[in-house]
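Here's the letter readout for the chains.
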Amino acid sequence: MRGRRGMKHSKKLINSVENCVDDALDGLVACNVGMQLLQGHRVIIRADLKNMKGKVALLSGGGSGHEPAHAGYVGVGMLSGAIAGDVFTSPPPGSISAAIRIMDRAGAAGVLLIVKNYTGDRLNFGLALEEAKADGIDVEMVIVADDCAFTTQKKAGRRGLCGTVLIHKMAGTMSEMGMSLCEIVEKLNVALGKLGTMGICLSPCSVPGSEPTFNLEADELELGLGIHGEAGIERIKMMSANEVVQKMIDHMTDPSNESHLNLEAGDHIVLIVNNLGGLSCLELSIVAKSAVKYLEHKEVIIERAYIGSLMTALEMGGASLTLMIVNSEQLKLLDSRTSAPGWPNAGRHRLVRRCKILSAPSLEPESSLTAAEPGPFVQKAQLVLDKIANTLLQMEEELNELDREAGDGDCGVTHARAANAIRNLLTSNAVPGNGHQLLLCLGRIVRDHMGGSSGALYSIALTAAAQCLKDNNNPTAWAAAMSTGIEALKRYGGAEPGDRTMLDSLCPAADELSKLTDEDGSELQVLANAVQKAEEGAEATKDMAAKAGRASYISSAQLTRPDAGAVACSAILKATLAGLEQPAPGEPAPEEPAPEEPAPEEPAPEEPAPEEPAPEESAPEESAPEEPAAEEPAPEEPAPEEPAPEEPAPEDPAPEEQE
């Protein structure tokens with residue numbers, strides 16, 4: 001919403017500040033057929049009022065902003081009605097009185113008001129109660145005060161917090177059982193004496209149209225605050241969930257704390273891990289784990305655990321823990337069914353001491369459990385894998401940088417995870433001895449260690465490609481494997497060449513590899529050409545509009561660099577070529593002929609050497625060529641020197657070269 005007079009108002013997804021409570025109640029009733037609105041009031045009533053005859057009616061309420069409390073707990077087995085005030089404001093006595101009279105008119109056997117211990121709620125509900133009694137209606141009130149934060153009791157008493165929801169539930173079951181108003185009040189008062197709650201806050205909430213109710217530094221959290229943003233007991237530096245939960249439970253159960261819950265080893269309890277509104281579900285589950293672990297450490301028996309948003313404070317980032325010591329009768333009350341949409345229908349069994357873990361089946365094929373014997377294939381595969389791993393690790397930041405333009409910037413990280421897993425394979429000397437098993441092995445590695453969509457894509461391609469290598473490892477089989485892997489990528493990934501993905505480097509390379517044969521021995525040259533095509537394809541992605549993957553949600557005008565996945569694939573192919581070109585241990589033979597090839601060509605430039613003496617002899621007889629007729633015998637003189645043309649001279653320098 002737009003701020004006024006320079007105030008920084010919070011953003012809320014509402015229609016208007018003035019009508020936000022009414023809109024919320026309308027939405028709740030519209031989605032729950034067991035509810036109805038009381039005309040002219042912010043009161044939600046059970047739709048089956050006729051079933052209230054002869055039973056105690058249960059009413060609760062308070063300021064809005066604590067949803068699902070309290071309207072979300074209206075239903076069979078919980079509240080008969082709920083009265084809502086403005087956000088964080090007690091409901092008006094007139095609406096409370098109207099709800100009481102509706103219940104009396106429906107033939108209820110008395111009305112019980114369940115009220116959180118806040119001054120405004122006590123006053124307004126108390127006034128309505130007195131007015132109803134004056135009219136002869138049988139009405140009683142119980143005050144929920146479960147806050148364990150303050151070590152010294154305040155005159156106003158302990159605040160009412162999330163423990164109120166447990167009181168709603170037990171009272172609702174007792175009403176359905178036909179218990180009298182006095183019986184219900186008596187049993188609830190017993191339960192209230194064994195109930196405690198404490199909250200923790202990481203970030204504040206804000207009333208619609210207003211600024212945040214308080215401020216917390218980025219490295220701070222607050223212990224023991226109220227559900228309206230009231231101050232807690234201490235601000236501390238951020239710490240782990242385990243440490244926070246331990247601090248909360250220790251404070252709640254500390255005998256020196258006048259508001260403490262007297263909890264001892266062997267006690268049976270129910271636990272609520274409540275989201276105050278803005279905590280993520282992930283964090284809430286972590287808090288729940290910490291709470292269960294620490295309570296079990298204290299040898300407390302957790303009979304039930306309820307996790308979720310049961311009583312919130314708008315969008316406050318935080319959680320509260322509620323503990324209630326229970327007996328078997330109270331557990332039955334909590335376990336009974338209810339139609340109230342806000343109640344978590346959790347399991348009806350005691351929590352076990354340890355997290356239940358089912359042994360997972362092995363995903364490794366039996367053939368992969370046998371180590372391959374060392375051989376030429378394994379040695380060459382080790383060289384290739386080592387090159388690939390080193391290349392990906394060296395490119396980690398480069399790939400991350402490319403990915404930041406179009407994704408979440410983790411392409412290098414995921415490929416580095418794969419590289420480290422490959423290194424672990426190499427150090428374990430478990431490289432399979434044929435192409436089929438090698439690709440299956442690599443598929444499992446990237447599946448388990450790489451993560452993200454890249455891990456799934458590589459694993460799909462490798463697993464599909466492996467099927468082409470079951471019978472042989474010939475070059476044509478590897479080319480077919482490449483094509484099969486690419487088809488699998490298209491089938492499951494939904495991309496095609498030109499969509500700015502890894503396919504834009506893989507497909508041109510596969511087209512080049514299709515030229516492989518099993519006879520001519522040109523494998524490395526064909527692979528080199530394929531690498532070049534892959535690099536060209538990767539570079540071309542910078543001019544493409546993304547049509548698949550996360551990058552497809554980004555405007556093509558913002559994509560100016562090559563696709564990270566395509567670059568990674570071309571780098572892997574290049575590293576594969578480098579590994580294949582490198583001689584395996586004990587395999588120097590292929591390299592020896594190469595330096596000897598130029599040796600036969602060395603004498604060629606030496607051929608003019610024997611002709612050098614000829615100019616030396618002709619130097620003093622420059623006129624000799626002009627009189628060839630008279631000098632006919634002269635050509636015969638070199639006859640004794642005929643050995644010179646037989647190139648004895650090159651033989652002499654040869655040893656010199658060897659020296």
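Here, every reference points to the structure presented above.
Think of each chain on its own: its residues are numbered from 1, step by step along the sequence as written. In keeping with the model being predicted, local features are shown solely for residues with a pLDDT of at least 70 and side-chain atom pairs are shown and tallied solely at 80 or more, while totals for entire chains, interfaces and linings include all residues. To get the side-chain values, all heavy atoms of the structure are used, and hydrogens and water are removed first.

## Some points on the overall build of the protein chain
Logical step 1: The helix count covers DSSP runs of H or I at least four residues long, the strand count covers runs of E at least two residues long, and both are numbered beginning at the N terminus. Within the protein chain, the secondary structure is distributed over 21 helices and 12 strands.
Logical step 2: Only protein chains enter the area calculation, which uses a 1.4 Å probe; residues under 20% of their type maximum are buried, those over 50% are exposed, and those in between are partly exposed. A burial count over the protein chain gives 46% of its 659 residues as buried.
Logical step 3: Taking all contacts inside the protein chain whose residues are at least 6 apart in sequence as the whole, residues at least 24 apart take part in 72%.
Logical step 4: Approximately 33400 Å² of the protein chain is accessible, and the part contributed by carbon and sulfur atoms is 52%. In this description, contact between two residues means that some pair of their heavy atoms is separated by no more than 4.5 Å. To measure how exposed things are, a 1.4 Å probe is used in the Shrake-Rupley method; for residues, cover is taken only from the protein chains shown.

## Here's the deal with helix α2 (residues 93–105)
Logical step 1: The end-to-end C-alpha distance of α2 is 18 Å, a good match for the 18 Å that 13 residues give at a rise of 1.5 Å each.
Logical step 2: Among the residues making up α2, those that are buried are S95, I96, S97, A98, A99, I100, I102 and M103.
Logical step 3: Looking at the buried residues of α2, the elements they touch are β2 (43–46), β3 (57–64), β4 (81–87), β5 (111–116), α3 (119–134) and β6 (139–144).
Logical step 4: Looking one or two residues past α2, G107 carries a phi angle of roughly 90 degrees, positive in sign. A helix is expected to span 1.5 Å for every residue after the first.

## With respect to the nonpolar core
Logical step 1: Put simply, buried Ala, Val, Leu, Ile, Met, Phe, Trp, Tyr and Cys residues joined by side-chain atoms within 4.5 Å make one nonpolar core. Counting 63 residues, the largest nonpolar core has L385, V431, L442, Y458, M482, L506 and L513 as the members making the most contacts within it.
Logical step 2: Not counting the four nearest positions on each side in its chain, L506 is found in contact with M482, I486, L489, C569 and L573.

## Some points on the environment of V378
Logical step 1: The residue V378 is located in helix α9 (residues 376–394) in this model.
Logical step 2: In sequence terms V378 and A430 are 52 residues apart; their C-alpha atoms lie 9.3 Å from each other.

## Observations concerning the packing of aromatic side chains
Logical step 1: Centre distance within 6.5 Å is the pairing criterion for rings of Phe, Tyr and Trp, where only the six-membered ring of Trp is used; planes under 30 degrees apart are then read as stacked, over 60 as edge-to-face, and the remainder as tilted. With the rule as written, the count across this model stands at one aromatic pair.
Logical step 2: Seen in terms of ring centroids, Y306 and W343 are 4.9 Å apart; in terms of plane orientation they differ by 50 degrees. Their pairing is tilted. On the criterion of sequence distance, the pair formed by Y306 in strand β11 (residues 301–308) and W343 in the loop between α8 (328–335) and α9 is long-range, its members being 37 residues apart.
Logical step 3: Under the relative-accessibility criterion, W343 is labelled buried at 5%.
Logical step 4: Here, a charge over a ring means that NZ of Lys or CZ of Arg falls within 6 Å of the ring centre while also lying within 35 degrees of the ring normal. When the ring centre of W343 is taken as reference, the NZ or CZ atom of K169 above it lies at 5.9 Å.

## Section: the pattern of salt bridges
Logical step 1: Definition used for salt bridges: Asp or Glu carboxyl oxygen within 4 Å of a side-chain nitrogen of Lys or Arg. One pass over the full model with this rule turns up 26 salt bridges.
Logical step 2: We note a salt bridge from E487 to K490, for which the minimum N-O separation is 3.4 Å. Linking E487 with K490, this pair stays in helix α14 (residues 475–493), spanning three residues, or about one helical turn.
Logical step 3: Across the pair K542 and E539 runs a salt bridge, and its minimum N-O distance is 2.9 Å.
Logical step 4: Exposure remark for K542: the relative accessible area of 31% places this residue in the partly exposed category.
Logical step 5: E539 gets classed as partly exposed once you look at its relative accessible area, which sits at 40%.

## So, the packing of α9 against helix α11 (residues 411–427)
Logical step 1: Convention adopted: a line fitted to C-alpha atoms gives each axis, helices being fitted over their contacting stretch, and angles between N-to-C directions are expressed from 0 to 180 degrees. In the contact formed by α9 and α11, the axes pass within 8 Å of each other and the chain directions differ by 150 degrees. For the element pair α9 / α11, the angle class is roughly antiparallel. In this structure, the crossing between α9 and α11 has a hand that is left-handed. Only H415, A416, A419, N420, I422, R423, L425 and L426 of α11 make contact with α9, whose side of the interface consists of Q382, L385, D386, A389, N390, L392 and L393.
Logical step 2: Charged means Asp, Glu, Lys or Arg here, nonpolar means Ala, Val, Leu, Ile, Met, Phe, Trp, Tyr, Cys or Pro, and polar covers whatever is left, Gly included. For the contact of α9 with α11, the class distribution of residues is nine nonpolar, four polar and two charged. With respect to orientation, any angle under 35 degrees is reported as roughly parallel, any angle over 145 as roughly antiparallel, any angle of 65 to 115 as roughly perpendicular, and every other angle as oblique. When the near helix sits turned anticlockwise from the far one by under a right angle, the crossing is termed left-handed; a clockwise turn instead gives a right-handed crossing.

## Thoughts on unusual backbone geometry
Logical step 1: The step from E67 to P68 runs through a cis peptide bond, and the omega angle for that step is 10 degrees.
Logical step 2: Positionally, P68 belongs in the loop between β3 and β4.
Logical step 3: Residue A69 is joined to H70 through a cis peptide bond whose omega torsion reads 0 degrees.
Logical step 4: Mapping H70 onto the fold places it in the loop between β3 and β4.
Logical step 5: Its identity as a non-glycine residue notwithstanding, L314 has a phi of 55 degrees, on the positive side.
Logical step 6: Its place among the elements puts L314 in the loop between β11 and β12 (317–325).

## A word on the pairing of β11
Logical step 1: Burial runs high along β11: six of the eight residues are buried.
Logical step 2: Should DSSP find at least two bridges between two strands, the strands are taken to pair. Relative to β11, strand β10 (residues 268–275) is paired through seven bridges, and the arrangement is parallel. Opposite I272, over in β11, you have Y306 as the bridge partner.
Logical step 3: Handedness rule for crossovers: strands pointing away from the viewer, path from the first strand over the helix to the second running clockwise, crossover right-handed. Tracing the backbone out of β10, into helix α7 (residues 281–297) and back to the parallel element β11 gives a crossover that is right-handed.

Read these as layout, nothing more, since geometry by itself doesn't imply function.
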